[in-house]
Amino acid sequence: MGALEDFAVEVGRDDPVAVRGGATQWDVGGPVHPDVRIVAAPAGVVDHRPEEMLVRVRAGTTMAELAGVLDRAGQMVPLDPADPERATVGGILSVGRAGLRRLRHGPVRDHVLEIRYVSAGGELVKAGAPVVKNVSGFDLVRLLVGSLGTLGLLGEVVLRTYPRPRAGRWLTGPAPALPGQPLLGLYRPSAVLWDGGRLWVLLEGHPSDVDAQAHHLGPAWAETDGPPAVPVGGRLSMAPGRVATWARDHPAGSFLAELGVGVVHLSGPAAASAASEPAVAELNRRVKDRFDPTGRLNPGRMAA
Amino acid sequence: MTLVSELVAALDEERVRSGGLERALYNRDASIMEGRAGVVCFPLTTPEVQAVVKVAAAHGRAVVPRGAGTGLAGGAVPVGAEGHEPVVVVTTRMNRVLEVDAHNAVAWVQPGVLNLDLSRHVAPLGLHFAPDPSSQQACSIGGNVANNSGGPHCLAYGVTTAHVLAMDVVLADGVLVRLGGLEPEGLGYDLRGAFVGSEGTMGVAVAVAVRLTPLPPALRTLLIGFPTVEAAAETVTAVIGAGIIPAAMEMMDARITKAVEEYVHAGFPADAAAVLLIEVDGLEDGVAAAAAEVIELAQARGATSVRMAADAAERDLLWKGRKSAFGAVARIAPDYYLHDTVVPRTRLAEILARVYELADANGVAVMNVFHAGDGNLHPLFLFDRRRPGELDRVKAAGDQLIRVCIEAGGVLSGEHGIGLEKRDYMPLLFSPADLLAQDSLRDAFDPSRLFNPDKVIPSGSRCGDLQSVPPGVWI
């Protein structure tokens, strides 16, 4: 039997079960119930096809291992977890939170082409397909990304890969107020970060384009090694247009906002987000009920 | 009260059509399938859509949402036995751009806004809506959402789902919900992602928040002729292999190139076995370097002609050639059947050879114009439905085409969707467990099965009996 079939057997079909990767985002969506049996997804890069721009990888593979394989062909998957040595592909997809380059490279869900998962009934189920364009049937792939393992346990996935940018430069400059143009007049920057006092910008692309864009920023800007330390106390998600208003009540340095995206990293804890509208909560409940009628998958997580 | 009188009470007489001739206009979409519309409604507002859905549900009638009717897979074809024909809800009159936020590159639009109208509307702000289906002059955003539409420029920018942030949707019980949001990480499941591409089976989108994309500061549009289809296909692979992702990379074979040239007179190389229309965009230096590299890769594979658009007018002309392909074909044959499958792009040359073979074997003329960069094939079979047996041969060729593509590791559809056309092919791609999971998603959205019944998922997925075309549909 293959690794996926073994995983399906291990997950079984009866008792409550939770899947654990690198546990780097183990608290997201609420704690899993205690005394639940813990399983781990299989690991390993199965097949990288640079000329098709995709890679088949088992969910338990660490991001560092995957990145190493892709790097040899000059490619990448812009998932960018904070701790690539521990974070697993399955964990990143299940939590669904992108790294700092989301502004240019898009959310996690847009990098996933196929997911093979173990259902609550212990069956292997396939969603999507290993091609870059596909509208054959309903989009279960996007439903599963960010579902915290509460609809199915990810076993193996196919991700889109991309050529590594030829050049990348981080720059920083002073910015006591949020700029009128949130993206500073830059063409598709990879990241624009603001802490209430300074801005950091990541430019990626052809070397001389990157240089020209850096020049455009002006003399107050300086080259820097990378982004600032990202605060890990809490994480907020807001419409990008709301960041300016929100920041009025928060001191510089107490947060780091991803401009144009709307993710705000806080040094202190984040207030609990407002509950979904009743009609949306009802839809979420119905989805969960159809995919996991007994509630055995990752019980406790995914408060919707 | 009768169904019609209740609908008239909810809307008005002018916007509820129940006459035979008027209904017949809505029996079809742009596919070759035909069903039967019960009553056709043209709501203007969200409360009107809610009212229509509630009336239909109360009368046990299905609801078929419909945009501009440009779909090619029968997704908007109303299916129902006599006396139970669906209520067709046409959203084309809900055609206002509600709000544009240029700073944050977001617009709220009604579903009936046409794709190209939206891009034109926001062009003065330096923005556009990136998905650009070939039907973009006629197709609506609501239809794009339902079909997760693509287009040539989706190679670099992604298909519709990557450009939809949120939607207001009317569900089967008439309740209005907002799926997704402008914030990047919402609570709960990605119901937005689940809804996009659901082909009208889960609800009606009544407002859509779309992400707008900046117009590129620089671009190059190249038209390159090749002595063989293989050389063109190898160039596609080589470009991707070199780490270049063009904004678009389209292929046209000799037959369609000749037809287009005779129609548009755009100076397409009529002697080439295949042409590639490649566009690279972004910032100036990267674009210049990428264009030079593409030309080099093409010439190394024997390109016989290279033409770079000198200005916007020439670029528009080259794209007009590409996008007029279907009009050009209409001059050659009275009918055509446009297919849509995806194969791994490294196998394009081999699969194209198979396409010509199977067309020949069935005695059907075929032309190819497609999104080569995505491996998204669009073979176009020509026929004349007045000649007995021709449509049957076209259908046989299409059946073989689908099987060839699936065997090559491809999928049933890259853009057009499943609808009725490919519903019964779904088991070629998915196991019963896979199909049950997809059906479960639909069931969560619409437990009453009010919306667009008999589409996408084969009816045997739950009970084991697979029937082909549902009753009340003609092909």
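Let us look at the structure shown here.

What counts, and where the lines are drawn
Residues numbered from 1 in each chain as written. Chains lettered and ligands numbered in written order. Predicted model: local features only at pLDDT ≥ 70, side-chain atom pairs only at ≥ 80, totals over all residues. Heavy atoms only, no water. Helix = DSSP H or I, 4+ residues; strand = E, 2+ residues; numbered from the N terminus. Rg over C-alpha atoms; globule rule 2.2 N^0.38 Å. Buried < 20%, exposed > 50% of the residue type's maximum accessible area, 1.4 Å probe, protein only. Contact = heavy atoms within 4.5 Å. Areas by Shrake-Rupley, 256 points an atom, 1.4 Å probe, with all protein chains shown as cover. Lys, Arg positive; Asp, Glu negative; His and termini not counted. Charge placed at Lys NZ, Arg CZ, Asp CG, Glu CD. Phe/Tyr/Trp six-rings, centres within 6.5 Å; stacked < 30°, edge-to-face > 60°. Lys NZ or Arg CZ within 6 Å of the ring centre and 35° of its normal. Buried area = accessible area lost by both parts, 1.4 Å probe. Salt bridge = Lys/Arg side-chain N within 4 Å of Asp/Glu carboxyl O. Polar contact = N/O pair within 3.5 Å; in protein donor to acceptor, adjacent residues only side chain to side chain. Nonpolar A, V, L, I, M, F, W, Y, C, P; charged D, E, K, R; others polar. 1 Å grid on protein atoms, 1.4 Å probe; cavity = no way out; pocket = protein on both sides within 12 Å on 5 of 7 lines; lining within 4 Å. Points joined across faces, edges and corners; volume = space filled by probe spheres on them.

This part covers the overall build of chain A. If you tally the helices and strands in chain A, you get eight helices and 16 strands. Its C-alpha atoms give chain A a radius of gyration of 20 Å, near enough to 19 Å, the size a compact globule of 304 residues would have. Expressed along its principal axes, the backbone C-alpha trace of chain A runs to roughly 65 × 45 × 35 Å. The buried share of chain A, taken over its 304 residues, is 56%. Counted over contacts in chain A with a minimum sequence separation of 6, partners at least 24 positions apart contribute 68%. Working note: accessible area of chain A is about 12,200 Å², and carbon and sulfur atoms make up 52% of it. Computing the positive centroid from 32 side-chain charges and the negative centroid from 32, chain A places the two 4 Å apart.

So, on to the packing of aromatic side chains. Under the definition given, this model contains five aromatic pairs over all chains. Plain terms: the ring middles of A:Trp194 and A:Phe255 are 5.7 Å apart, the flat faces sit at 70 degrees to each other, and that makes the pair edge-to-face. Of this pair, A:Trp194 sits in strand β11 (residues 191-194) while A:Phe255 is found in strand β15 (residues 255-258), placing the two residues 61 residues apart along the sequence. The class for A:Trp194 is buried, based on a relative accessible area of 4%. With a relative accessible area of 2%, A:Phe255 lands in the buried category. Taken together, the aromatic side chains of A:Trp194, A:Trp246 and A:Phe255 make up a single cluster linked through ring pairs. Between A:Arg301 and the ring centre of A:Trp26, over which it is positioned, the NZ or CZ distance is 5.0 Å. Sitting above the plane of the B:Phe42 ring, B:Arg93 keeps its charged end 4.7 Å from the centroid.

This part is about the interface of chain A and chain B. Across the boundary between the two partners, chain A contributes 69 residues, which contact 85 residues of chain B. Between chain A and chain B the total buried area reaches about 6,100 Å² when both faces are included, carbon and sulfur atoms providing 60% of it. Looking at the side of chain A facing chain B, the largest losses of area belong to A:Lys133, A:Phe138 and A:Tyr187, adding up to 16% of the total buried there. Between the two partners, chain A and chain B, sit seven salt bridges. Its salt-bridge partner being A:Lys133, residue B:Asp374 comes within 3.1 Å of it at the nearest N-O pair. Applying the counting criterion to the chain A and chain B interface returns 24 residue pairs in polar contact (both at pLDDT 80 or more). Those elements that place two or more of their residues in the side of chain A that touches chain B are β7 (124-128), α5 (140-144), β9 (162-163), α6 (207-217), β14 (234-237) and α8 (278-291) of chain A. Looking at which element gives the most residues to the side of chain A that touches chain B, the answer is α8(A), with nine residues. Classifying every residue of the side of chain A that touches chain B gives 32 nonpolar, 17 polar and 20 charged.

Attention now goes to the side chain of B:Ser140. Mapping B:Ser140 onto the fold places it in the loop between β7 (127-128) and α5 (141-147). Setting aside anything within four residues of it in sequence, one finds B:Ser140 in contact with B:Gly67, B:Ala68, B:Pro111, B:Gly112, B:Val113, B:Leu114 and B:Asn115.

What follows covers empty space enclosed by the protein. Going through the model one piece at a time under the given rule, you end up with one cavity of 30 Å³ or more. What the largest cavity holds in volume is close to 40 Å³. Taken together, A:Glu52, A:Leu54, A:Pro130, A:Val131, A:Val132, B:Val343, B:Pro344, B:Arg345 and B:Asp374 make up the full set of residues lining the largest cavity. Grouping the amino acids of the lining of the largest cavity by side-chain chemistry returns six nonpolar, no polar and three charged.

Any functional reading would require information that these geometric values do not contain.
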